[in-house]
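# A structural walkthrough
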Amino acid sequence: MVNDLPPYGTLPRGSILPVRLGIYPLEDTLFIIPVAVTIFIFRLLMKKFFFEPIANRQKVTRKYRKKMVENMWFFTYYTSAVLFGCYLIYRFDWLQFTFDFSSVKSTLASFVPNMDPIYGNMVDQIYDEIRYPEFRYFYLVEMAFYLQALFGIVFVDEKGKDFKEMFIHHVVTIVLMLYSLGIYGHRVGFIIFFINDLVDVFLYFCKSCFEAGKTPVANVGFVVFTLVYTLMRMMFFPVMIYYAFTQPWTAEWVTAEGTSVYWLKKDPSVFPLALRFDCLGAFGYCIGPYNMLASLLVVLLIIQIFWYFMVLRVLWDQVTHGRVTHDPRYEEGADARADLQVINNNNNKKKKM
């Protein structure tokens, strides 16, 4: 395990990596489950004693009150996660940017970090748990959050038209986090989750403003959200996936058992199951962990593209109607515009008072 490693800096790059026999050690599981329960209880308390009174003071209609309360909770969590993520980025010495604004191409490239420490130099990555202990706990708390969020979308939250996509997204996210931490691919995971959390800050802020009847703020915020979504999830995220499949440093993903870079192979020793750094397998067959990790990122991208079309649909409504008219995840346009008219009428009454 990590604690048995020699001091940082003494293990040469390209050395054979230690095998972690489980993708989630017992101590991590014992940490994640209680934290997930705690976050869920905290979520209920925040909704009842903080967010619901805010919604009542804003005179939000009953139909929109529950959504607004949920969205304020998600906005609060994602904002906290992004702020702590910024602190971690400040602490990391492996997240390196080279800024060059001499041309449009170099300016865009400036916002893509050096990929060598992220996808390569695996020897350094296995020391991250020792060098940045708060990073590991941040990762585990994120997993706990998505675990309770998965429980919420199945049993608590109002189900939108994208319920299946949201369910798949949460399952893939949890598997990706567990798996990336288990095979020392956590630097990739951290960047992906940070940029997704950053987008969600703007999303839930806009939705909260919309449901509170703050239409002008929601309109401006939605434009900003669309730009951030496009940059982070439609441009930066695909670049990360491209590097995941093309970087030559994948040769370093080796262990005493062999390389981790392959798609599928026979291995008679794998029976009935194997969860190793070099093998995710069952009944004599193994899937390559590295390509498995990259494939999970592709699944997330497909879901992000599906949601992007929803974003563009709302943006089109904003252009044609002069405002955000509805959330396509929940209602059809005509019904939503009628509900929005009620919100706007309440908002106008408050202005006249």
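Residues numbered from 1 in each chain as written. Predicted model: local features only at pLDDT ≥ 70, side-chain atom pairs only at ≥ 80, totals over all residues. Heavy atoms only, no water.

## Some words on the packing of aromatic side chains
As a reminder, the rule being used: To pair, rings of Phe, Tyr and Trp, with the six-membered ring standing in for Trp, must have centres within 6.5 Å; the planes then decide the type, stacked if under 30 degrees apart, edge-to-face if over 60, and tilted in the middle. Buried residues are those whose accessible area, probed at 1.4 Å on protein chains only, stays under 20% of the maximum for their type, while exposed residues exceed 50% and partly exposed ones sit between those limits. Numbering of helices and strands runs from the N terminus, with a helix taken as a DSSP run of H or I at least four residues long and a strand as a DSSP run of E at least two residues long. The rule for a charge over a ring is simple: NZ of Lys or CZ of Arg within 6 Å of the ring centre, and within 35 degrees of the ring normal.
Under the counting rule described, the total for this entry stands at 29 aromatic pairs. Centroid distance Phe145 to Tyr146: 5.5 Å. Interplanar angle 80°. Geometry classified as edge-to-face. For the pair Phe145 and Tyr146, one class covers both residues: buried. A ring pair is formed by Phe190 and Phe194, whose centres lie 6.1 Å apart and whose planes are at 25°; its orientation type is stacked. Of the two residues, Phe190 and Phe194 both sit in helix α9 (residues 186–211), four residues apart, roughly one turn of that helix. For the pair Phe190 and Phe194, a shared accessibility class is recorded, and that class is buried. One aromatic cluster is present, formed by Phe84, Tyr87, Phe92, Tyr132, Phe135, Phe138, Tyr139, Phe190, Phe193 and Phe194 through successive ring pairs. Against the face of Phe49 rests Lys48, its NZ or CZ located 5.9 Å from the ring centre.

## So, a nonpolar patch on the surface
For clarity, the cut-off: Each patch is assembled from residues with relative accessible area greater than 30% and no salt bridge, linking like charges that lie within 9 Å and nonpolar side chains (Val, Leu, Ile, Met, Phe, Trp, Tyr) that lie within 5 Å. Areas reported as accessible are Shrake-Rupley estimates using a 1.4 Å probe. Residue values count occlusion only from the protein chains shown. Any Lys or Arg side-chain nitrogen found within 4 Å of a carboxyl oxygen on Asp or Glu counts as a salt bridge.
A cluster of nonpolar side chains, contributed by Ile33, Val37, Ile41, Leu45, Phe49 and Leu147, occupies part of the molecular surface with about 560 Å² of accessible area. Mapped onto the secondary structure, Leu147 falls in helix α7 (residues 133–155).

## Some remarks on the state of the cysteines
To keep things clear, this is the line we draw: Here, two cysteine sulfur atoms that lie within 2.5 Å of each other are counted as a disulfide.
Applying the stated criterion across every chain, the model contains zero disulfides. Its sulfur unpaired, Cys206 is 6.7 Å from the next cysteine sulfur, which belongs to Cys209. Exposure remark for Cys209: the relative accessible area of 11% places this residue in the buried category.

## Considering the environment of Phe210
As for its placement among the helices and strands, Phe210 is situated in helix α9. Residues Phe210 and Phe222, spaced 12 residues apart in sequence, show a C-alpha to C-alpha distance of 9.6 Å.

## Remarks on the environment of Glu134
Condition: Contacts were defined at the residue level, with two residues in contact if any of their heavy atoms lie within 4.5 Å.
Inspection of the secondary structure puts Glu134 in helix α7. Measuring from C-alpha to C-alpha, the distance between Glu134 and Phe84 comes to 9.9 Å, with 50 residues separating the pair along the chain. Excluding its chain neighbours within four sequence positions, the residues that come into contact with Glu134 are Phe84, Tyr87, Leu88 and Arg91.

## As for the packing of α7 against α9
Operational definition: For helices, the fitted line uses only the C-alpha atoms of the stretch in contact; every axis is such a line through C-alpha atoms, and the angle between N-to-C directions lies from 0 to 180 degrees. If an angle is under 35 degrees, it is roughly parallel; if it is over 145, roughly antiparallel; if it lies from 65 to 115, roughly perpendicular; otherwise it is oblique. Crossing handedness: left-handed means the near helix sits turned counterclockwise from the far one by under a right angle, and right-handed means the same turn made clockwise. Polar here means any residue other than Ala, Val, Leu, Ile, Met, Phe, Trp, Tyr, Cys and Pro, which are nonpolar, and Asp, Glu, Lys and Arg, which are charged; Gly is therefore polar.
Contact pair α7 / α9: the axes reach a minimum separation of 12 Å and the direction vectors enclose 55°. As summarised for this structure, α7 and α9 are arranged oblique, according to the angle between their axes. Our pair here, α7 against α9, has a crossing hand that is left-handed. On α9, the residues touching Phe135, Phe138, Tyr139, Glu142 and Tyr146 of α7 are His186, Gly189, Phe190, Phe193 and Asp197. When the residues that make up the contact of α7 with α9 are grouped by side-chain class, the tally is six nonpolar, two polar and two charged.

## Thoughts on the confidence of the model for the protein
Defined as follows: By definition, pLDDT measures how confident the predictor is in each residue, and it falls between 0 and 100.
Confidence in the prediction for the protein averages 76 pLDDT; 70% of positions are at 70 or higher. Between the elements of the protein, mean pLDDT differs from a low of 48, seen in helix α12 (residues 333–352), to a high of 91, seen in helix α2 (residues 62–91). Below pLDDT 50 for its whole length, residues 331–343 participates in 27 contacts with residues either more than four positions away or in separate chains.

## Re the side chain of His170
Position of His170 relative to the elements: it lies in helix α8 (residues 163–182). For His170, a relative accessible area of 6% gives the class buried. In contact with His170, other than residues within four places in its own chain, are Tyr146, Ala149, Leu150 and Ile153.

## Some thoughts on the nonpolar core
Definition in use: Grouping buried Ala, Val, Leu, Ile, Met, Phe, Trp, Tyr and Cys residues that are joined through side-chain atoms within 4.5 Å yields what is termed a nonpolar core.
Counting residues in hydrophobic clusters, the biggest one holds 84 residues, and the most contacted among them are Ile118, Phe190 and Met240. Looking at this core, the elements that each hand over two or more residues are α1 (26–57), α2, α4 (116–119), α7, α8, α9, α10 (215–246) and α11 (289–321). Not counting the four nearest positions on each side in its chain, Phe190 is found in contact with Gly85, Leu88, Ile89, Phe92, Trp94, Phe135, Phe138 and Tyr139.

## Topic: unusual backbone geometry
In this structure, Lys59 takes a positive phi of about 55° despite not being glycine. With respect to the element layout, Lys59 can be found in the loop between α1 and α2. Overall, the relative accessible area of 55% leaves Lys59 in the exposed class.

## Considerations on the pattern of salt bridges
All chains considered together, the criterion is met by four salt bridges. Measuring nitrogen to oxygen at the nearest pair gives 2.8 Å for the salt bridge that ties Arg43 to Glu70. Placement of the pair is Arg43 in helix α1 and Glu70 in helix α2, with a sequence separation of 27 residues. The shortest N-O distance in the salt bridge between Arg91 and Glu134 comes to 2.8 Å. Here Arg91, found in helix α2, pairs with Glu134, found in helix α7; they are 43 residues apart in sequence, far enough to count as distant. Under the relative-accessibility criterion, Glu134 is labelled buried at 18%. Through salt bridges with shared partners, a single network forms among Arg43, Lys47 and Glu70.

## Let's talk about the packing of α9 against α10
The packing of two helices is summarised by the inter-axis angle and the distance between the axes. Running from amino to carboxyl end, α9 crosses α10 at an angle of 165°, the nearest separation of the two axes being 9 Å. Relative to α10, the element α9 is oriented roughly antiparallel. Crossing of α9 over α10 shows left-handed handedness. Counted by class, the contact of α9 with α10 contains 23 nonpolar, two polar and two charged residues.

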